[in-house]
Amino acid sequence: MKKFSRILAIFAVVFLVVGLAGCSDPSNPGAGGTNQGGTTQGGSSSSGGVTLISNESELVSFLRGSAGTQGRLTADISTSGENKEVTVPAGKTLALNLDTYEARIAITVEGNLSIGGSLTVTDTGLRKYGTLRCGTGGTYTIKVPAGGVFNLKSGRVSADSSACTSSIQGIGGTIKITSGLASGKCAILVDNGSTLEVTGGIVQGSSDNAIKEFYDWSRDTTNTIKISGGIVVSGTDSDIWNYLRVDKINLNSQHEAITITRGGTKEITGGEIYGWTGIKVSSTGVVSKIENVHIYAVTCVDNSGTITEIGGSGRTWFEADQRNVSNNQMSSPTATITNQSTGTIGNIKGGTFYAYGRSTTAKGLENRGTVIITGGSFKGNASEALGVYGYGLYNDNGTVTIKGGSFEAKAPKTAINGTSRNQFNRNWGGTVNLLSSLSRDEVFIGAELTNEYGGTLNLIDE
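Residues numbered from 1 in each chain as written. Predicted model: local features only at pLDDT ≥ 70, side-chain atom pairs only at ≥ 80, totals over all residues. Heavy atoms only, no water.

## Some thoughts on the overall build of the protein
Thought 1: Counting its regular elements, the protein contains 3 helices and 42 strands.
Thought 2: Excluding contacts between residues fewer than 6 apart, the proportion of contacts in the protein whose partners are at least 24 apart in sequence is 65%.
Thought 3: Within the structure as shown, the protein displays about 19,200 Å² of accessible surface, and the carbon and sulfur contribution to it stands at 50%. (Helix = DSSP H or I, 4+ residues; strand = E, 2+ residues; numbered from the N terminus. Contact = heavy atoms within 4.5 Å. Areas by Shrake-Rupley, 256 points an atom, 1.4 Å probe, with all protein chains shown as cover.)

Structure representation (structure tokens):
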């Protein structure tokens, strides 16, 4: 019996020791009086293969690839003048967890962080407010040269210092925005053969373009820009991280959400775009497709270059609206698409293109260049203000070939002072080619097509 009691006592002690060790908090290694797998690397503590980072030297050591491949912040950190540029070395693949709860600033980069290898940023904090923030000595927060890869999966990258021009600058490398927020005066600058992929999250430009493709006449490089999800917004400095409504978007800063100035692969196949101009394509710019996207702007697409296809699949919805523009910015007409004299649009296949003018004209499609249309609904809806006209189609010395779709002109019968109103589908000195099998009443709604100043209408066969 005594022998049995001794065995029970030994068993109880072993159970107590093992039980206490097993009660450690997995989110706080070392809790409960133990440190499971805890080591020290270069002054940084390490737990379960994750380097814990609490000060500048630990952060710099990690980013330079000398303190493990996975890091997690445990405090807010500001880098000093000694580390104005920190580089992730080529060949290194790092993952940094900002891991903040409500802290707004996780890291202040006084110069910039250069990604020679690969860096993935996440934030497992409850509100995901962890931030890589540009400091007073920087021109941008993160730069990604050729061979580098930066992936924002959650958390924030911000360039809110007066000296900073962009939060992320691609200089030949690859930028991936999977989730989170990239914000700044100009959020992302793309240059030197870079690749930008936006599949989610928010890219926000406060007083400049959200995404801007830099053009230098001395270089002949092309970039790849693919946007298939997320939100791209320019012209607002409000916090849209948690809640976005169209009526809260400030469109008074006259900038483009996306500017395209070069060739290469450019595809916008999803997501939402907000700005004074949604997408601007310069005379040297090329875009292969714009589809399955909601664009809310004063002018949704302003094209002087080449767009191969609009509205090929999904729900393509362009909404040109002046209602969130202040009165002193009312001189510009609203238009879902303005195709300039040098612009070519290969095929508009479908979608809804709705323009609303509060105090100036509203144009479903404004064309001065060349465009082919096989589908889609274009509507120009004027408000009650005096001098406002609604145009479904406004062809100004351009060439429009219509093989499908419709153009609806809408304006009130009278203005608020009783003045009679007009609504138009207008061909002003240009050429409209209309498929002969189409009914004019079904193509031109609300007003017949008028040919003015030498404009011609030609009936064509398929």
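## Describing the confidence of the model for the protein
Thought 1: Residues with a pLDDT of 70 or more make up 76% of the protein, whose mean pLDDT is 82.
Thought 2: A low-confidence stretch, residues 1-42 stays under pLDDT 50, and its non-local contacts, those more than four residues away or across chains, total 22 contacts. (pLDDT = per-residue confidence, 0-100.)

## Some words on the nonpolar core
A general tendency of soluble globular proteins is for nonpolar side chains to be buried together.
Thought 1: Core analysis: the biggest nonpolar cluster contains 77 residues, and Phe150, Ile177, Ile290, Phe318 and Ile337 have the highest contact counts within it.
Thought 2: Ignoring anything within four residues of it in the chain, the contact list for Phe318 reads Ile290, Val293, Ile295, Cys300, Val301, Ile310, Thr336, Ile337, Thr352, Phe353 and Tyr354. (Core = buried A, V, L, I, M, F, W, Y, C linked by side-chain atoms within 4.5 Å. Buried < 20%, exposed > 50% of the residue type's maximum accessible area, 1.4 Å probe, protein only.)

## Here's the deal with the pattern of salt bridges
Thought 1: With the rule as written, the count across this model stands at 10 salt bridges.
Thought 2: The salt bridge partner of Glu85 is Lys143, with a shortest N-O separation of 3.4 Å. Here Glu85 is found in strand β6 (residues 85-88), whereas its partner Lys143 is found in strand β12 (residues 140-145), with 58 residues between them in sequence.
Thought 3: Owing to a relative accessible area of 37%, Glu85 belongs among the partly exposed residues under this scheme.
Thought 4: Residue class for Lys143 comes out buried when judged on its relative accessible area of 17%.
Thought 5: When the shortest N-O distance is used, the salt bridge between Asp396 and Arg368 registers 3.6 Å. With a gap of 28 residues between them, Asp396 in strand β35 (residues 390-396) and Arg368 in the loop between β32 (362-367) and β33 (370-373) connect regions that are remote in the sequence.
Thought 6: According to the relative accessible area criterion, Asp396 is buried, its value standing at 18%.
Thought 7: Classification of Arg368 as partly exposed rests on a relative accessible area of 27%.
Thought 8: Overlapping salt bridges, with partners in common, bring together Lys363, Glu366, Arg368 and Asp396 in one network. (Salt bridge = Lys/Arg side-chain N within 4 Å of Asp/Glu carboxyl O.)

## Section: the environment of Gly369
Thought 1: In this structure, Gly369 sits in the loop between β32 and β33.
Thought 2: Along the sequence, Gly369 and Asn395 sit 26 residues apart, while their C-alpha atoms lie 8.8 Å from each other.
Thought 3: Contact partners of Gly369, with chain neighbours within four places excluded, come to Asn339, Gln340, Ser341, Gly343, Gly398 and Thr399.

## Side note on empty space enclosed by the protein
Thought 1: Applying the stated rule across the entire model yields 1 cavity of 30 Å³ or more.
Thought 2: Taken as a whole, the largest cavity encloses approximately 60 Å³ of empty space.
Thought 3: Every residue lining the largest cavity is listed: Leu59, Leu63, Thr79, Val86, Ile107, Val109, Leu113 and Leu132.
Thought 4: At the level of secondary structure, the elements contributing two or more residues to the lining of the largest cavity comprise α2 (56-63) and β8 (107-109).
Thought 5: Of the residues in the lining of the largest cavity, the class split is 7 nonpolar, 1 polar and no charged. (1 Å grid on protein atoms, 1.4 Å probe; cavity = no way out; pocket = protein on both sides within 12 Å on 5 of 7 lines; lining within 4 Å. Points joined across faces, edges and corners; volume = space filled by probe spheres on them. Nonpolar A, V, L, I, M, F, W, Y, C, P; charged D, E, K, R; others polar.)

## A word on the side chain of Thr141
Thought 1: Position of Thr141 among the secondary structure elements: in strand β12.
Thought 2: Polar side-chain contacts of Thr141 include one of 3.4 Å to the backbone nitrogen of Cys134.
Thought 3: Those residues within four positions of Thr141 in sequence are excluded, and the remaining contacts are Val109, Asn112, Leu113, Leu132, Arg133, Cys134, Val157, Ser158, Ala159, Ser166 and Ser167. (Polar contact = N/O pair within 3.5 Å; in protein donor to acceptor, adjacent residues only side chain to side chain.)

## Brief notes about the packing of aromatic side chains
Thought 1: Within this structure, the stated rule accounts for 9 aromatic pairs.
Thought 2: Residues Tyr391 and Tyr394 carry aromatic rings whose centres are separated by 4.9 Å and whose planes lie at 90° to one another, so their mutual orientation is edge-to-face.
Thought 3: Judged by relative accessible area, Tyr391 falls into the buried class, the value being 6%.
Thought 4: Relative to Phe444, the ring of Phe407 lies with its centre 6.1 Å away and its plane at 25°, an arrangement referred to as stacked. On the criterion of sequence distance, the pair formed by Phe407 in strand β37 (residues 406-410) and Phe444 in strand β40 (residues 444-445) is long-range, its members being 37 residues apart.
Thought 5: Owing to a relative accessible area of 6%, Phe444 belongs among the buried residues under this scheme.
Thought 6: Taken together, the aromatic side chains of Phe318, Phe353, Phe378, Phe407 and Phe444 make up a single cluster linked through ring pairs.
Thought 7: The lysine or arginine in question, Lys363, covers the ring of Tyr394, its NZ or CZ lying 4.0 Å from the ring centre.
Thought 8: Positioned above the aromatic ring of Phe424, the side-chain terminus of Arg426 is 4.4 Å from the ring centre. (Phe/Tyr/Trp six-rings, centres within 6.5 Å; stacked < 30°, edge-to-face > 60°. Lys NZ or Arg CZ within 6 Å of the ring centre and 35° of its normal.)

## Things to note about unusual backbone geometry
Most of the time, phi is negative for any residue but glycine, and the peptide bond is trans.
Thought 1: Unlike most non-glycine residues, Asn192 shows phi in positive territory, near 60°.
Thought 2: In this structure, Asn192 sits in the loop between β18 (186-191) and β19 (195-198).
Thought 3: For Asn192, a relative accessible area of 32% corresponds to the partly exposed category.
Thought 4: One non-glycine residue, Asn397, lies in positive phi territory at about 65°.
Thought 5: Checked against the element boundaries, Asn397 lands in the loop between β35 and β36 (399-402).

## Details of the environment of Ala320
Thought 1: For Ala320, the location among the structural elements is in strand β28 (residues 317-321).
Thought 2: When its relative accessible area of 0% is taken as the criterion, Ala320 is described as buried.
Thought 3: A sequence separation of 15 residues divides Ala320 from Ala335, and the C-alpha atoms of the two residues are 5.7 Å apart.
Thought 4: Setting aside residues no more than four positions away along its own chain, Ala320 makes contact with Ala297, Val298, Cys300, Thr334, Ala335, Thr336, Tyr354, Ala355 and Tyr356.

## Considerations on the pairing of strand β39 (residues 431-435)
Thought 1: Counting buried residues in β39 gives 4 out of 5 residues, a clear majority hidden from the surface.
Thought 2: Inspection of the sheet shows β36 paired to β39 by 4 bridges, in the parallel sense. Among the inter-strand pairings, Thr399 is bridged to a residue of β39, identified as Thr431. (Pairing = 2+ DSSP bridges.)

## Some words on the environment of Arg72
Thought 1: Looking at where Arg72 falls in the secondary structure, it is placed in strand β4 (residues 70-73).
Thought 2: C-alpha of Arg72 to C-alpha of Asn97: the two residues are 25 residues apart in sequence and 4.6 Å apart in space.
Thought 3: If sequence neighbours within four positions are ignored, Arg72 has contacts with Val50, Thr51, Leu52, Ile53, Asn97 and Asp99.
Thought 4: A polar atom in the side chain of Arg72 sits 2.8 Å from the side chain of Asp99.

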